[in-house]
Amino acid sequence: EKQVIGILGGGQLARMMVLEGAPLGAAFRIVDTAETPCAAQFAPTERADWRDLEALAPFAEAIDVATFDFENVPAETAQWLTEHVRVHPGPQALAVAQDRMAEKTLFREIGLDTARFAAIDTRADLDRALEEIGVPAILKTRRLGYDGKGQFRLRDVADADAAWDALGEQAAQHGLILESFVPFDYEVSVIAVRGRDGDFRTWPLTRNWHADGILSLSLAPAPGTEAIADTAFAHARTLAERLSYVGVFALELFVKDGRVLGNEMAPRVHNSGHWTYDGAVTSQFQNHVRAVLGLPLGDTAVRGCSVMFNWIGAMPDMATALAVDDVHWHDYGKSPRPGRKVGHATVCGPDFATVRARVQALAEALGRVEQAAPLLELPVS
Ligand code: ATP
Ligand code: MG
Ligand code: MG
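Computed from a prediction, not measured in an experiment: that's the story for all the values here.

Peer 1: Any chance you could explain the overall build of the protein here in plain terms?
Peer 2: Looking only at helices and strands, the protein features 13 helices and 18 strands. Rg of the C-alpha trace for the protein: 20 Å, near the compact-globule value of 21 Å for 381 residues, within the 12% margin. Principal-axis analysis of the C-alpha atoms gives the protein an extent of 60 × 55 × 40 Å. Each of the 381 residues in the protein was classed as buried or not, and the buried ones make up 45%. For the protein, restricting intrachain contacts to residue pairs at least 6 apart in sequence, the fraction spanning at least 24 positions comes to 62%.

What follows is the structure, given as structure tokens:
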């Protein structure tokens, strides 16, 4: 009998889960707070508020297992869902990932270092924490931040006033966190999956570049990471086991002088794993579907080398891009809006040298050389 997967949130992550789950014969149902989120094109979608359990009841009735495109579904709603259906990942994993304090505290508990951090509820807390942690530092909302939103960078203690002006109001509501600024050499993410039977797998490390706080470029496998990969994977595995995690998640790491520091985790498929759709034997989306359905997980090996360009604000010209070899296009079907993720392209090839040449051709054709610059500057060796 056909299992129905219910997805809370209907954005591009849900959309790609549906597209990758379809060949397995999986059926989907989506609920979102918006009328027609971009996944609605491919699966029946209804509208409800996350806290309105009465409105969510028909959705819960109609599905066999619930999963998430949106990581900030209230913990009470996730808990309520567990009384009706399987929920993967579970409410405990969601709760930890929703709160930067809980998240970093758990990282340290499992032996994964982090930047220095302190909880900030009042202006006096901020002054005290700045003394302890020093500058430069970043003040962040504990909850609900994404794409670098809800963050303020302090270069100097004198920036405390401006930081409080920007985020002080949110301190009372959800709390803030002050983190020391990590002058990292580079950023990587672990994309990992854990099955219902405990089978744990990771894709090769992905190197990431952000622009204005938003993921701009990813490269996998991340070159020169042989010395840190096993440590990074071991942390991801310990984290997954501690949280009895089922499904795909991402662990974002800073690398500094050959050491890894935990930044945050995402309890869902992740933007830095989008390349797996085109560049791995099994994509993060298909393995997430397999995991939540209790099916055997697929091979996470790469087919070669992949680079992902995020399209922020508006889509570039597709026909121009498709003229470049081994370019894969993903248009989320969203209307353009500044700062909004509207699509991405994956550039694949047998090795980094080939992919870099294709990235250069693509970037020049689309007028995106500036976006591609961090990649074009990497040595080919
Ligand atoms: P996402 O869209 O990945 O969920 P987010 O809004 O939750 O992002 P973070 O991942 O915490 O925010 O920060 C976004 C980016 O800002 C990081 O990937 C990193 O480049 C930079 N950053 C965040 N915290 C620090 C830090 N403590 N030190 C140095 N850079 C940082
Ligand atoms: Mg985040
Ligand atoms: Mg992040």
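Back to the text.
Peer 1: Could you clarify how one ought to interpret helix α4 (residues 91-98) in this entry?
Peer 2: Residues separated by three or four positions in an α-helix point in the same direction, a consequence of the helix having 3.6 residues per turn. Those residues of α4 lying buried are A93, L94, V96, A97 and Q98. Packed against the buried residues of α4 are α3 (75-82), α5 (100-109) and β15 (259-266).

Peer 1: I would appreciate a short explanation of the nonpolar core in the present structure.
Peer 2: Here is a general trend for soluble globular proteins: nonpolar side chains tend to be buried in one another's company. M17, V190, L251 and V307 are the most contacted members of the largest nonpolar core, which totals 89 residues. When residues of this core are assigned to domains, at least three fall in each of domain 1 (4-87) and domain 3 (186-376). Contact partners of M17, with chain neighbours within four places excluded, come to I7, V269, F285, H288 and V289. In terms of nonpolar packing, the next biggest core, distinct from the first, is built from 16 residues, I120, L130, L139 and A160 among them.

Peer 1: Honestly, the UniProt feature "domain: ATP-grasp" (unreviewed entry) in the protein in this entry has me stumped. Any pointers?
Peer 2: UniProt marks residues 104-293 with the feature "domain: ATP-grasp" (unreviewed entry), using the numbering shown here. Helix and strand shares over residues 104-293 are 33% and 32% respectively, and the end C-alpha atoms of the span are 30 Å apart.

Peer 1: What's the story with the environment of S283 in this structure? I'm lost.
Peer 2: Within the fold, S283 resides in the loop between α9 (276-279) and α10 (284-293). Judged by the 26 C-beta atoms lying within 10 Å of it, S283 is buried. Sequence separation between S283 and G224 is 59 residues, and the spatial gap between their C-alpha atoms is 23 Å. Aside from chain neighbours lying at most four places away, what touches S283 is E20, T276 and Y277.

Conventions and cut-offs
Residues numbered from 1 in each chain as written. Chains lettered and ligands numbered in written order. Predicted model: local features only at pLDDT ≥ 70, side-chain atom pairs only at ≥ 80, totals over all residues. Helix = DSSP H or I, 4+ residues; strand = E, 2+ residues; numbered from the N terminus. Rg over C-alpha atoms; globule rule 2.2 N^0.38 Å. Buried ≥ 20, exposed ≤ 12 C-beta atoms within 10 Å, placed from the backbone. Contact = placed C-beta atoms within 7 Å. Core = buried A, V, L, I, M, F, W, Y, C linked by C-beta atoms within 7 Å. Domains from an automatic or database assignment. UniProt positions renumbered as here; feature names shortened; annotations may be inferred.

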